[in-house]
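Results of the structural survey
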Amino acid sequence: MSRKPTNSDRSAAQSVGGRCALWERLHRSEQGLLSFSTSIAMLSFALLATLVLNVGQSVRQKIAVQNSADAAAQSAAVCMARGLNAVTAANHLLGELTALCVMHEALGGPELDAGTSLPSAKSLELNQKLITILPAATAAVAPYATLGTLDAPAVTLLVKDLGIHKSWATIYDSRLTLKYHLSLALSLRPVATALNIIPGAGPTLALSLHIAIAAVVSKIYIETQLLDLIDIVAQGFSPAKLAVESSVLPLLAGYAEQAVEQTPRAAARIVRQIGEENDVTTFLFPAEPKLPLVRSELKGGGFGGSEPPAGNASGGPADAAFQALQKVRQVVQDFVDFVKDAVSFNPLLSAIADEVLDIQVPSLSSGDGPGDDGFDDNLSRKKLPRLSTAGWDEIRYSQWMRATYPYVRAWRVPVRESLAGLQTLSFASKWYSRWTNRYALVKIRKYHQGEYGGSSGRKELAMFVMTDSGNERKGRENWTTDGTAAERLFTLVAFAHRKPPAPIGAAIFGSGPTDGLTTYAQSIYYNGNDQRPDGWSKSSTFQPTVGWDTLNWQSPATAGRAYEFLAGDDSGGVSLIPPRFPFIFLHDPPGDDPIVALNWQAKLTPVTRLDESWSQTPGDMRAPLQKMHANHGTFRKH
């Protein structure tokens, strides 16, 4: 008997049928199904992708850390190069300002700055000679009254100083030279009148000589007035010069000292900042870098020697006049002797000749007139320091002199040209050359001794020179031929370290190296100017061509007009135009002005100092380096 299906039977049948239908649909479906092999493949690809990401992260980290090391090394070297350029610029500014101070002091000496007035025995002697000669000269020129109108005014103008002077040096020598020349000119008045005794051409010769004397007296009168004007102008500039010496020069010297002291600290600070900005730890080797500079000190050279050399100006109009005057003096003396001999046969004429020609023509070499180096009783000359030849040579080849003299020589040329044209008979151009040379030596010595700005006991000033550089060793220092020594002076090694990042999938791949990543780079600061000192000697006209230096004249030294002391000491031509002053007018440098080319630079180089540097690094960055060194020997490049 069949049983009628119940509701539960129907539900069970529907359930079984539903499962059969589901399996049938899954079996027949083509929409996709992950097989076991497909799952393995996808897992492998996932692991590979993770590996690639980890490798990429490592490479990126290596590049970032290496860039940090490169940036640190390059930036530190750039900072050091800038410090050397700063010191070089300061040296040149010190040299230029010293040249201006020398040019001013050569006019009136330090006595002009002090403002003291003192008597001069030689000046009084020449004043008395002028006053004594004037009556005889006036009487002799009486027949030619118009030709003697300036005789008395010229004498009055020159003797008004009463032998008391405030300005010495060039102004004193020039003023006394004018007195000497006026006394010589007035002494020739009786000689000119005596020419009338010569039959025939005598009166003509007498008139011609009186005209020439009148022209000389007129020129002396004009030059005396101009000399008084120069004296006033020089006095007006004294406060400015004292201010430069007491304030500006110490400030510049202090700036150079600060640059030498602070530049290495700034380089180390920059390296630390680069590390902070790039999230790395940085280290600079040497840990306390130093600029390869030392103070240029003067030993003194011994006292009790001679005054500073004044040099020999030659080839200029003042020098030609000086030589011509000696010949004129001799001609005059010979003529006086000739006339006396010619009339000696007649007692009356001989007595008249002795009376009229009773003159003593001053000599250029006996001390009565201006010697080749000026008047011995010049107060500025008396107060010049006396050093041994070695002492003056030490200053002559010092860094300060080499920074100063090219400007002294260049800037005094237009001054000497104007003096040669406007102050011909005073020999001011010649005296100015002598005194600028003297004071170039003296002032540099005093700066080194702390004597400047009108007082002593001040801070001693000095320039900075390259390590192991002496007066005659410039360009021949030991490090110029010793590569290891040069590397220690001019190269830096920077290290960068970063802790290892957590890798993706650390549970599978592991945590990786625990020491982190350390990279390194080396840089050099160097000078791009020429380095060719081999041709220099003490007889050279120009300074040695040296780029690795704290002067950096344009290479070669001939192109930079870097003259050595007393070299190229010419007076130029003749000009009736007042000279330009570098500190008043802005102008393009003339062809004879010195030229400077600062050229300290920096760049990355192959690493050659890893052996001596890696062991100095901090412990966290030293471990990776130690492993590399142990496993692979010394790495020469980063």
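A brief look at the structure comes next. Note that the coordinates shown come from a computational prediction; the quantities given were computed from them, not determined experimentally.

Applying the stated criterion across every chain, the model contains 27 salt bridges. For Lys241, the salt bridge identified is with Glu105, shortest N-O distance 2.4 Å. Pair noted here: Lys241 is in helix α6 (residues 202-277) and Glu105 is in helix α2 (residues 36-114), with a separation of 136 residues, a long-range link. Lys241 gets classed as buried once you look at its relative accessible area, which sits at 5%. The partner of Glu245 in a salt bridge is Lys443, and the shortest N-O contact between them spans 2.7 Å. Of this pair, Glu245 sits in helix α6 while Lys443 sits in helix α12 (residues 428-449); the two residues are 198 residues apart in sequence, bridging distant segments of the chain. Each member of the pair, Glu245 as well as Lys443, is classed as buried. Three or more residues are tied together by salt bridges with common partners; here these are Glu105, Asp113, Lys241, Glu245 and Lys443.

If you look at soluble globular proteins, the nonpolar side chains tend to sit buried side by side. The biggest cluster of nonpolar side chains holds 72 residues, and the ones touching the most others in it are Leu182 and Leu186. When residues no more than four places from it in sequence are discounted, the contact partners of Leu186 are Leu130, Ile133, Leu134, Ala137, Asp151, Val155 and Val217. Judged by nonpolar contacts, the second largest core, of 39 residues, contains Val280, Leu293, Phe464 and Trp600.

Here helix α10 (residues 389-396) crosses α12 at 85°, and the two axes come no closer than 10 Å. The orientation of α10 with respect to α12, classified from their angle, is roughly perpendicular. Contact residues: α10 offers Trp392, Ile395 and Arg396, while α12 offers Leu441, Val442, Ile444 and Arg445.

For residues besides glycine, phi is generally negative; the peptide bonds are generally trans as well. Put simply, Phe285 and Pro286 share a cis peptide bond, and its omega is 0°. Relative to the assigned elements, Pro286 resides in the loop between β3 (281-285) and β4 (293-295). That bond from Ser555 to Pro556 is cis: its omega, -10°, falls within 30 degrees of zero. Mapping Pro556 onto the fold places it in the loop between β8 (517-527) and β9 (600-605). Positive phi values are uncommon outside glycine, yet Ala169 reaches one of about 50°. Along the chain, the position of Ala169 falls in helix α5 (residues 169-194). What makes Ala169 buried here is its relative accessible area of 0%. In this structure, Leu566 is a non-glycine residue whose phi angle is positive, near 70°. Among the structural elements, Leu566 can be located in the loop between β8 and β9.

So, about the sheet that holds β9. Reading across the sheet, the 4 strands line up as β3-β7-β8-β9 and stay open at both edges, with antiparallel pairing between neighbours. Every other strand in the sheet has two partners, leaving β3 and β9 as the edge strands with one partner each. Strand-to-strand twist across the sheet, computed as the mean angle between neighbouring axes with direction ignored, equals 25°. Packed onto the sheet, helix α13 (residues 483-490) meets β7 (491-498), β8 and β9 and runs at close to 60° relative to β7.

Further remarks concern the packing of aromatic side chains. What the rule picks out here adds up to 19 aromatic pairs. Geometrically, the ring pair formed by Trp548 and Trp600 is edge-to-face, given 5.8 Å between the ring centres and 70° between the ring planes. Here the residue Trp548 occupies a position in the loop between β8 and β9, and Trp600 occupies one in strand β9, the gap between them amounting to 52 residues. In this structure, Arg438 is placed above the aromatic ring of Trp435, and the distance from its NZ or CZ to the ring centre is 4.4 Å.

Cut-offs applied
Residues numbered from 1 in each chain as written. Predicted model: local features only at pLDDT ≥ 70, side-chain atom pairs only at ≥ 80, totals over all residues. Heavy atoms only, no water. Salt bridge = Lys/Arg side-chain N within 4 Å of Asp/Glu carboxyl O. Helix = DSSP H or I, 4+ residues; strand = E, 2+ residues; numbered from the N terminus. Buried < 20%, exposed > 50% of the residue type's maximum accessible area, 1.4 Å probe, protein only. Core = buried A, V, L, I, M, F, W, Y, C linked by side-chain atoms within 4.5 Å. Contact = heavy atoms within 4.5 Å. Axes fitted to C-alpha atoms, helices over the stretch in contact; angles between N-to-C directions. Parallel < 35°, antiparallel > 145°, perpendicular 65-115°, else oblique. Pairing = 2+ DSSP bridges. Phe/Tyr/Trp six-rings, centres within 6.5 Å; stacked < 30°, edge-to-face > 60°. Lys NZ or Arg CZ within 6 Å of the ring centre and 35° of its normal.

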